[in-house]
Structures are given as structure tokens and as C-alpha cells.
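Below, each chain spelled out in residue letters.
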Amino acid sequence: MLNRRNFLSGVTALSAFSGLPISEAIAAKKKKKKFKVNPKYAPQTVSFRGRFKRGTVVVDPHKRFLYLIQGRGKARRYGVGVGRAALAWSGTAKIKRKAKWPSWTPTQNMIKREPAKYAKYAGGVPGGPNNPLGARALYLYKGNRDTYYRIHGTTAPWTIGTASSNGCIRMINEHVTDLYERVPIGATVVVL
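Residues numbered from 1 in each chain as written. Predicted model: local features only at pLDDT ≥ 70, side-chain atom pairs only at ≥ 80, totals over all residues. Heavy atoms only, no water.

*Asks:* How should the environment of A75 be read in this particular structure?
*Replies:* On the secondary structure map, A75 appears in strand β4 (residues 74-79). Exposure remark for A75: the relative accessible area of 0% places this residue in the buried category. Excluding anything up to four places from it in sequence, A75 contacts Q44, T45, V46, F48, Y67, L68, I69 and Q70. (Helix = DSSP H or I, 4+ residues; strand = E, 2+ residues; numbered from the N terminus. Buried < 20%, exposed > 50% of the residue type's maximum accessible area, 1.4 Å probe, protein only. Contact = heavy atoms within 4.5 Å.)

*Asks:* I keep staring at unusual backbone geometry and nothing clicks. Help me out?
*Replies:* At R72, a residue that is not glycine, the phi angle is positive and equals roughly 55 degrees. Along the chain, the position of R72 falls in the loop between β3 (65-71) and β4. Residue classification places R72 among the exposed positions, given a relative accessible area of 87%. If you check the backbone angles, Y148 has positive phi at about 70 degrees while not being a glycine. Tracing the backbone shows Y148 in strand β8 (residues 145-152). You can call Y148 exposed: its relative accessible area is 53%.

*Asks:* Sorry, what's going on with the packing of aromatic side chains here?
*Replies:* Two descriptors summarise a pair of aromatic rings, namely the distance from one centre to the other and the angle between the planes of the rings. One pass over the full model with this rule turns up seven aromatic pairs. Summarising the aromatic geometry, the rings of F48 and F52 are spaced 6.2 Å apart at their centres and angled 50 degrees between planes, so their arrangement reads as tilted. For the ring pair F48 and Y67, a centre distance of 4.9 Å and an interplane angle of 50 degrees mean the geometry is tilted. With F48 in the loop between β1 (44-47) and β2 (57-60) and Y67 in strand β3, this pair connects stretches of sequence that are 19 residues apart. Pair check on accessibility: F48 and Y67 agree, each one buried. Linked through ring pairs, Y41, F48, F52, F65 and Y67 together constitute an aromatic cluster. When the ring centre of Y180 is taken as origin, the NZ or CZ atom of K98, which lies over that ring, is 4.4 Å away. (Phe/Tyr/Trp six-rings, centres within 6.5 Å; stacked < 30°, edge-to-face > 60°. Lys NZ or Arg CZ within 6 Å of the ring centre and 35° of its normal.)

*Asks:* Sorry if this is basic, but what is going on with the nonpolar core here?
*Replies:* Burial of nonpolar side chains together is a common tendency in soluble globular proteins. Counting 22 residues, the largest nonpolar core has V57, L66, I151, M171 and L179 as the members making the most contacts within it. Put simply, the parts of the chain that give this core at least two residues each are β2, β3, β6 (91-100), β7 (136-142), α5 (173-182) and β11 (188-191). For this core, the leading source of residues is α5, giving three residues. Setting aside chain neighbours within four positions, we find L179 in contact with L66, L68, Y78, L138, I151 and M171. If you look at the next biggest cluster of nonpolar residues, it comprises 11 residues, including M110, I111, Y118 and A137. (Core = buried A, V, L, I, M, F, W, Y, C linked by side-chain atoms within 4.5 Å.)

Spelled out as C-alpha cells, the structure:
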């Protein structure tokens, strides 16, 4: 049951994660049920050219798409939100951890960049529908080092197709849940 305290908690987390002012986060939270994904960002099988082996996840931040390579010139494509200018990254990583309804803690860099926005969450936000990481998270590592970048769900689905995150790859919760079931730990992720 959604009570005032849970609603305000969700609005505060939404504001912090999406960068929206509190007033806009309240309006967005109320409109959330009305959100409809642009059909081009819905999961679909598409033709794909590239030299990636089956099971590789390829992210094209410029086009705002994530591709799960299926082989034979095909990929499952999802719409994503990507990092803002100067916060985006590229390279290759491995998925070394997966989590359902993960908890979230802002990184020290996020707190340092915007202390008024993130310092209050330094102790973390428990997993659940108001958590900025959404329904699922895939944790990206280089070797044994956590990159602190994730492919994860979002409480702000209208940001799909934009460059608005702190560097992570955002997906609509239903879409990241689908990807989560298809991608094993150890899969390669390439961000172009």
C-alpha cells in the first residue's frame, strides 16, 4: 500500500537519481502509470553487423541502444539511457554479479560532485520499487576490479533514449528483467 511516507521517499529517491527538482519528481511520480515507451526502444530482434560472439552485450551510447548478440547477423535490441557528457565511458567489461531488486549507494565521486543531492544517500537505499537501480542490476568488472558501472533498471523510464545518468546504462525495469534472464555471469559487455 502506498502511503504518504512511501510516496515522499520514492519522490526523494527519484529526484536524486534522475536529477529532477522535487516538484518535477512529484509530477513524474504521479504520471508514472501513464508512461508509454517509444516503440523503437521496445525489445526487438534486429539485424546486426559486427564481429561479436553470441551472448556478447554491445552498448551503442550514441544511438541509445543495447544489443544482445544472438548470432547469424541478429541481435535482441533494447533502448537505454546512458551517461551524461563527461560521465559516459567506453570499453570492455565482464558481468561478474547480478542482483534482483538491488540496493544502491552513490559512489564517492557522485557525492563529491553533487553533495547536496547525494550525500544523504551515503548509507545506501534498500532494494525495492523506489530504488534508483530498479528491478535488476548487472555489475560490470574489469578483471577483478568493480568499475562501479551497472546495467540496471530505473525509476525514471522516460529517461530512456537520453544521456542523463551518472555513467550507468539504464533500462526500463521490464526490459532489464528480460535481459537479466538471458545473460549469464561472465558475459562480455562492450560499450562503443
